[in-house]
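As a plain string of letters, each chain reads:
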Amino acid sequence: MKPKSIKSDELSKIFSDLKKGEESSIGSYLIKGVRLQISKFNLSGAERVQLLYKRRRTQGLCIVCGKKVTKKNASTGQLYRLCEDHRNKIDKGTK
Ligand SMILES: [Zn+2]
């Protein structure tokens, strides 16, 4: 996974999330040339997939391929959880 470049104030946010046990703190970060990796220990395969999906969802990426989702669902105003390709394949006929 490519680390996300962050500034020191973002680091405080990540650490405060981590202290609260929030899963939003999990990730790979790059700060002042240092790579910081926060990950769950002893995850099962299913849990890992679940986390990956969740992270992609919050970042507005397709949960299947990780591509940036640009289209919003007109009825909810939220970004779709799938890219155009996967939405056509998977969400076809569903709302
Ligand atoms: Zn996709």
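Scroll up to find the structure.
On a predicted model such as this, the values are computed, not experimentally measured, just so you know.

Draft legend 1. Representation of the overall build of the protein within the structure. Scanning the protein for helices and strands turns up three helices and three strands. Listed N to C, the secondary structure of the protein is β-α-β-β-α-α in terms of helices and strands. A separation threshold of at least 6 residues defines the contact pool for the protein, and within that pool the share at least 24 residues apart is 22%.

Draft legend 2. Seen up close, helix 1 (residues 8-20). End to end, helix 1 covers 19 Å across 13 residues, agreeing with the expected 18 Å (1.5 Å per residue, within 8%). Taken from the residues just after helix 1, Gly 21 is the one with a positive phi, measuring 80 degrees.

Draft legend 3. A look at the pairing of strand 3 (residues 34-38). Among the five residues of strand 3, zero are classified as buried, and the element is accordingly described as predominantly exposed. In this structure, the hairpin formed by strand 2 (residues 27-31) and strand 3 is closed by a connection of two residues, where Lys 32 is found at a positive phi of approximately 50 degrees.

Draft legend 4. Broad picture of the pairing of strand 2. By the bridge criterion, two bridges tie strand 1 (residues 4-5) to strand 2 in an arrangement that is parallel. Opposite Ser 5, over in strand 2, you have Leu 30 as the bridge partner. The parallel pair strand 1 and strand 2 is bridged by helix 1, and the resulting crossover is right-handed.

Draft legend 5. Quick look at the environment of Gly 33. Within the secondary structure layout, Gly 33 lies in the loop between strand 2 and strand 3. As a C-alpha pair, Gly 33 and Ala 74 span 41 residues in sequence and 41 Å in three-dimensional space.

Draft legend 6. Up close: helix 2 (residues 45-58). An ideal rise of 1.5 Å per residue puts 20 Å on 14 residues; helix 2 measures up with 20 Å between its terminal C-alpha atoms. Trailing helix 2 by a residue or two, Gly 60 shows a phi angle of about 70 degrees, which is positive.

Draft legend 7. Focus on unusual backbone geometry. Non-glycine residue Lys 32 carries a positive phi angle of around 50 degrees. With respect to the helices and strands, Lys 32 occurs in the loop between strand 2 and strand 3. Phi at Asn 42 takes a positive value of approximately 55 degrees, unusual for a residue other than glycine. Following the sequence through the fold, Asn 42 ends up in the loop between strand 3 and helix 2. Judged by local crowding, Asn 42 falls into the exposed class, with 5 C-beta atoms found within 10 Å.

Draft legend 8. Highlighting the sheet that holds strand 2. If you walk across this open sheet you meet the three strands as 1-2-3, and the pairing is mixed. Each edge of the open sheet is held by one strand with a lone partner, namely strand 1 and strand 3. Sheet topology note: the strand 2/strand 3 ladder contains five bridges and is antiparallel. Within the sheet, the bridge partner assigned to Tyr 29 lies in strand 3 and is Leu 36.

Cut-offs used in this document
- Residues numbered from 1 in each chain as written.
- Predicted model: local features only at pLDDT ≥ 70, side-chain atom pairs only at ≥ 80, totals over all residues.
- Helix = DSSP H or I, 4+ residues; strand = E, 2+ residues; numbered from the N terminus.
- Contact = placed C-beta atoms within 7 Å.
- Expected span 1.5 Å × (residues − 1).
- Buried ≥ 20, exposed ≤ 12 C-beta atoms within 10 Å, placed from the backbone.
- Pairing = 2+ DSSP bridges.
- Right-handed = clockwise from strand over helix to strand, strands pointing away.

Everything listed here is a matter of geometry and, on its own, says nothing about what the molecule does.
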